[in-house]
Amino acid sequence: MLGKRLGPWTVTARLGRGGMGAVWLAVDALTGAPAAIKVLAENLSADPALVKRFELEQQIVGNLDHPRIVRGRSSLQSEKGLHYFVMDFVPGANLARVLRALGRLTPAEAIHVSLQVCDALGFAHGQGIVHRD
């Protein structure tokens with residue numbers, strides 16, 4: 001995926017990987033603005049049920065408006081059948097990376113992070129959404 005063009009975005013780095021695919025950092029060729037692009041794994045793209053689930057995830061993310069939930073922008077399919085959706089890029093380290101660097105959080109730090117996660121999950125649950133991870 002590195003260097004690949006997806007619409008106006010050029011993929012520059014992999015941010016993470018999950019059960020349905022990977023999330024990539026990309027840069028808009030016109031504006032230079034960064035975006036996170038979630039790409040459905042190619043081997044899953046042949047399964048209409050998984051494609052539908054992936055598209056539903058994009059719709060859900062696109063409709064959740066909360067300061068602790070990343071905003072989805074658009075869902076697209078490339079000319080080669082690659083399914084992906086674009087999200088705002090939020091810079092910073094993920095919790096796993098922070099824990100590797102620090103070893104552990106102080107109780108106050110753990111409470112602070114937990115409250116933010118609970119705030120976002122509570123909002124999503126209030127919208128009828130249950131996060132599977």
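Throughout what follows, the structure given in this document is the object of discussion. Here the structure is a predicted model, which means the values were calculated and not measured.

Re the environment of Ile69
Now for step 1: Structurally, Ile69 can be placed in the loop between helix H1 (48-63) and strand E5 (72-77).
Now for step 2: Discounting chain neighbours no more than four positions away, the residues touching Ile69 are Leu64, Ala120 and Phe123.

Digging into helix H3 (residues 107-126)
Now for step 1: Compared with the 28 Å implied by 1.5 Å per residue over 20 residues, the 28 Å span of H3 between its first and last C-alpha is a close match.
Now for step 2: Of the residues one or two after H3, Gly128 is the one with positive phi, at around 85°.

Some points on the side chain of His66
Now for step 1: Position of His66 among the secondary structure elements: in the loop between H1 and E5.
Now for step 2: Among the polar contacts made by the side chain of His66, one reaches the side chain of Asp119 at a distance of 3.3 Å.
Now for step 3: In this structure, His66 is in contact with Asp119, Ala120 and Phe123, ignoring residues within four places of it in sequence.

Some thoughts on the sheet that holds strand E1 (residues 5-6)
Now for step 1: A sheet is described by the order of its strands in space; here 6 strands give the open sequence E1-E2-E3-E4-E6-E5, paired in antiparallel fashion. What marks the edges here is a single partner per strand, and that holds for E1 and E5.
Now for step 2: Docked against the sheet, H1 engages strand E4 (34-40), E5 and strand E6 (83-88), running at close to 15° with respect to E6.

Cut-offs and rules
- In this numbering scheme, every chain counts its residues from 1 along its sequence in written order.
- Totals for whole chains, interfaces and linings use all residues, but because this is a predicted model, local features are given only for residues with pLDDT of at least 70 and pairs of side-chain atoms are given and counted only at 80 or more.
- Side-chain metrics rest on all non-hydrogen atoms present in the structure, leaving aside hydrogens and water.
- A run of H or I in DSSP becomes a helix once it reaches four residues, and a run of E becomes a strand once it reaches two; helices and strands are each numbered from the N terminus.
- In this analysis, two residues are considered to be in contact whenever any of their non-hydrogen atoms come within 4.5 Å of each other.
- Expected span, for any helix, means 1.5 Å times one less than how many residues it has.
- Under the rule applied, a polar contact is a pair of N or O atoms within 3.5 Å (in protein, one hydrogen donor and one hydrogen acceptor; residues adjacent in sequence only if both atoms are side-chain atoms).
- By definition, two strands form a pair when at least two bridges between them are found by DSSP.
- In this description, a line fitted to the C-alpha atoms serves as the axis of each element, helices being fitted only across the stretch in contact, and the angle between N-to-C directions of two axes falls anywhere from 0 to 180 degrees.

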